[in-house]
Amino acid sequence: MKKLGSQTWQFTTRPVILGSSAVVGPEEGEGPLASDFDFIFDSLEMGEKTWEKAERALFMKASVMALENAGLDEEKLEYFVGGDLMNQIISSSFAARKLGVPYLGVFGACSTSMESLAIAAMIVDSGGGKYALAGTASHNCTVEKQFRYPTEYGSQKPPTSQYTVTGSGCAVVGQNDGTAKGPYIVFATLGKIMDLGLKDPLNMGAAMAPAAADTILSHFRDTGLSPGHYDLIVTGDLATVGLPIAKKLLADEGIPMEETTFNDCGLLIYDLDKQKYTIAGGSGCGCSAVVTYGHILKRMKKGELKRVLIVATGALLSPLSYQQGESIPCVAHAIALESGGEGA
Amino acid sequence: MPAKSNQSGINKRLDDMTSEEYKKLSKPYVPGRPVFKNCIRAFLIGGLICVIGQGIQSGFMSVFGMNSKEAASPTVALLILISVILTSLGVYDKIAQWAGAGSAVPVTGFANSMCSAALEHRSEGLVLGVGGNMFKLAGSVIVFGTVAAFLVGIVYALLGLGGSH
């Protein structure tokens, strides 16, 4: 592993994503990416008695399916790096009970997907182990309950508010022994906290846009690459409000984002015209995780995409912090993936 | 979005941006609440709930021969029951997204706030869950309702108007 510039890791052995999984709830199953998901639960309860248990069931299903898709025996797995949005990240820690391997719990709010993938890739790249599982999950109702109001409470949401994705995505990262065909994890650019003073917890897209823009800027500065290097750059969950702001910020910095396709997982996952209840688009840990591990990796396998930069964005607030009038610190972590067929 | 890129007139580098500058830059991109539309919808649904309430009250009066005072309490109880059923069926929050204050202000909104909290926290048990959280949202309505009534009462007393029922 090599450090480039001030924020980027270059994984010199190019660890491989051996297999991944995307497990979602019923609403995501009605969205445009439904065919890319490995499993769709037909109810939000998932056969469990509490929302928290449902989220855990989601996570466990995704972790088992990722191992299956990777063709890896559970005994061979060496590490699990995971996180979620619940207080004390209970969903991933409880899911980790079953896996029985060394576990690192991480919290990056909705950026957890790429934060955990970066750590898993670092473990494998540095020779700390051969196989590591990275994953995250979120459930619409657990998040509503913890961060906002009871799920059945009748409060009107403003046009800036986003809909938490019910979904879990996991990826098995393996050592690159030359036989696997990719996709390879090439770079990770770790974001720094950006807080430009926004306080509205129902407008997280605008709060997170500077973090996304800053990490994208740092990535290109550290690697010397330009947007045209990638076939697709996606942000985590900036949705309809945040993505145009991120585009504006990057345009002001002179980054030619028009060279590539620049989109957002929160916009990809739902059909905003049909699924009106999603308002500004998707959010939550599961959002970038299921879009990446379901949709994007499948497109890479089909050869439609060769190089992709995923910039997962997280709003690091708590119900306590915004009630006390604090602004929202945000972070974004980027991972560059490359499909097989060149370099090694 | 080239058409929008200069709307705010700010083209500062991200590293040097202050929070005031960012607020100004992001403002054109942030859609506001549609206040006028919300007022109309609140008027329609709030009014509709009141009409339903009036219908129920008239029903009690004509069927059970109550006077309007006697019919008031069972009317409120029935509205609360309807609200609780709609909340439990997962419908009330969907009405509320459309109706806004129209479904929040009447007694049905108060019932929804208590019922939704009770349902949500049932998983933490009857005492700590339901009992401890039922007034999570409704509590401040009661507290400030009481405080407001107290203050108005003092004003009445000072002006020598006396209280009346």
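The rules behind the values
Residues numbered from 1 in each chain as written. Chains lettered and ligands numbered in written order. Predicted model: local features only at pLDDT ≥ 70, side-chain atom pairs only at ≥ 80, totals over all residues. pLDDT = per-residue confidence, 0-100. Contact = placed C-beta atoms within 7 Å. Helix = DSSP H or I, 4+ residues; strand = E, 2+ residues; numbered from the N terminus. Nonpolar A, V, L, I, M, F, W, Y, C, P; charged D, E, K, R; others polar. Buried ≥ 20, exposed ≤ 12 C-beta atoms within 10 Å, placed from the backbone. Pairing = 2+ DSSP bridges. Domains from an automatic or database assignment. Expected span 1.5 Å × (residues − 1). Bend = angle between axes of the 7 residues up to and from the residue. Axes fitted to C-alpha atoms, helices over the stretch in contact; angles between N-to-C directions. Parallel < 35°, antiparallel > 145°, perpendicular 65-115°, else oblique. Left-handed = near helix turned anticlockwise from the far one by under 90°.

So, the confidence of the model for chain B
Residue and element names in this part refer to chain B.
Here's step 1: This prediction gives chain B a mean pLDDT of 90; 90% of its residues lie at or above 70.
Here's step 2: This model gives residues 1-9 a pLDDT under 50, and the stretch forms 13 contacts once residues within four places in sequence are excluded.
Here's step 3: The ipTM for the predicted assembly is 0.90, set against a pTM of 0.93.

Focus: the interface of chain A and chain B
Here's step 1: Contacts between the two partners involve 32 residues from chain A, matched on the other side by 34 residues from chain B.
Here's step 2: At the level of elements, helix 6 (204-223) and helix 7 (239-252) of chain A are the ones that each hand at least two residues to the side of chain A that touches chain B.
Here's step 3: By residue number, the principal contributor to the side of chain A that touches chain B is helix 7 of chain A, which donates eight residues.
Here's step 4: For the side of chain A that touches chain B, the class distribution of residues is 15 nonpolar, eight polar and nine charged.

Side note on unusual backbone geometry
Glycine aside, residues mostly have negative phi, and peptide bonds are mostly found in the trans state.
All names here are of chain A.
Here's step 1: Each neighbour pair has its own omega, and for G182 with P183 the value is 5°, a cis peptide bond.
Here's step 2: Among the structural elements, P183 can be located in the loop between strand 9 (167-174) and strand 10 (184-189).
Here's step 3: Of note, A239 is a non-glycine position whose phi angle comes to about 60°, a positive value.
Here's step 4: C-beta crowding within 10 Å serves as the criterion here: with 32 such atoms nearby, A239 is assigned to the buried category.
Here's step 5: Of note in this structure, I279 is not a glycine but carries a positive phi near 50°.
Here's step 6: Within the element layout of this structure, I279 appears in the loop between helix 8 (265-268) and strand 13 (282-283).
Here's step 7: Classification of I279 as buried rests on a count of 20 C-beta atoms within 10 Å.

Notes on the pairing of strand 10 of chain A
Residues and elements named next belong to chain A.
Here's step 1: Of all six residues that make up strand 10, six are buried, and the element is covered over most of its length.
Here's step 2: Two elements, strand 2 (residues 8-10) and strand 10, share three bridges in a ladder whose sense is antiparallel. The partner of T8 across the bridge, within strand 10, is T189.
Here's step 3: Pairing analysis gives five bridges linking strand 10 to strand 15 (residues 330-338), with the strands arranged antiparallel. Looking across to strand 15, one finds that I185 is bridged to L337.

Here we look at the pairing of strand 14 (residues 307-315) of chain A
All names here are of chain A.
Here's step 1: Among the nine residues of strand 14, nine are classified as buried, and the element is accordingly described as predominantly covered.
Here's step 2: Every second residue of strand 14 is oriented toward a common face, with R307, L309, V311, T313 and A315 on one face and V308, I310, A312 and G314 on the other, all of them buried.
Here's step 3: Relative to strand 14, strand 11 (residues 232-235) is paired through four bridges, and the arrangement is parallel. Paired with T235 across the two strands is V311, which belongs to strand 14.
Here's step 4: The pairing of strand 14 with strand 15 spans nine bridges and is classified as antiparallel. Bridge pairing in strand 15 places V311 opposite A334.

Quick look at the domain arrangement of chain A
All names here are of chain A.
Here's step 1: Domain boundaries in chain A define domain 1 (2-174) and domain 2 (184-338).
Here's step 2: Centre-to-centre, using C-alpha coordinates, domain 1 lies 17 Å away from domain 2.
Here's step 3: Each partner contributes to the interface: domain 1 provides 60 residues, whereas domain 2 provides 59 residues.
Here's step 4: Mapped onto the side of domain 1 that touches domain 2, the elements with two or more residues apiece are strand 2, strand 3 (16-24), helix 1 (26-29), helix 4 (112-125), strand 7 (131-138), helix 5 (140-147), strand 8 (163-164) and strand 9.
Here's step 5: Among the elements that line the side of domain 1 that touches domain 2, the one with the most residues is helix 4, at seven residues.
Here's step 6: Across the side of domain 1 that touches domain 2, the residue classes break down as 28 nonpolar, 23 polar and nine charged.

Brief notes about helix 9 (residues 285-301) of chain A
Residue and element names in this part refer to chain A.
Here's step 1: Across its 17 residues, helix 9 extends 23 Å between first and last C-alpha, which sits within 8% of the 24 Å expected from 1.5 Å per residue.
Here's step 2: At T292, helix 9 is deflected by roughly 35°, the largest bend along its length.
Here's step 3: Burial runs high along helix 9: 14 of the 17 residues are buried.
Here's step 4: One or two positions beyond helix 9, positive phi appears at G303, with a value near 85°.

A word on the packing of helix 3 (residues 68-88) of chain B against helix 6 (residues 107-120) of chain B
Residues and elements named next belong to chain B.
Here's step 1: With their axes 8 Å apart at the nearest point, helix 3 and helix 6 run at an angle of 45° to one another. The orientation of helix 3 relative to helix 6 falls into the category oblique. Crossing angle aside, the handedness with which helix 3 passes helix 6 is right-handed. Contacts between helix 3 and helix 6 involve V76, L79, I80, I82, S83, V84, T87 and S88 on the former and, on the latter, V107, T108, A111, N112, C115, S116 and L119.
Here's step 2: Looking at the contact of helix 3 with helix 6 residue by residue, the class counts come to nine nonpolar, six polar and no charged.

Some remarks on helix 6 of chain A
Given 3.6 residues per helical turn, the α-helix brings residues three or four places apart onto the same face.
Residues and elements named next belong to chain A.
Here's step 1: For helix 6, spanning 20 residues, the distance from its first C-alpha to its last is 28 Å, which sits close to the expected 28 Å at 1.5 Å a residue.
Here's step 2: Within helix 6, 17 of the 20 residues are buried, which leaves it mostly tucked inside the rest of the structure.
Here's step 3: Of the residues one or two after helix 6, G224 is the one with positive phi, at around 75°.

A closer look at the packing of helix 6 of chain A against helix 7 of chain A
All names here are of chain A.
Here's step 1: Two elements in contact, helix 6 and helix 7, have axes separated by 8 Å at closest approach and are oriented at 40°. In terms of orientation, helix 6 and helix 7 fall into the oblique class. Considering the relative orientation of helix 6 and helix 7, their crossing is right-handed. Taken together, the residues of helix 7 that come into contact with helix 6 (itself represented by G205, A206, M208, A209, P210, A212, A213 and I216) are A239, V241, G242, I245, A246, L249 and L250.
Here's step 2: The class makeup of the residues in the contact of helix 6 with helix 7 is 13 nonpolar, two polar and no charged.

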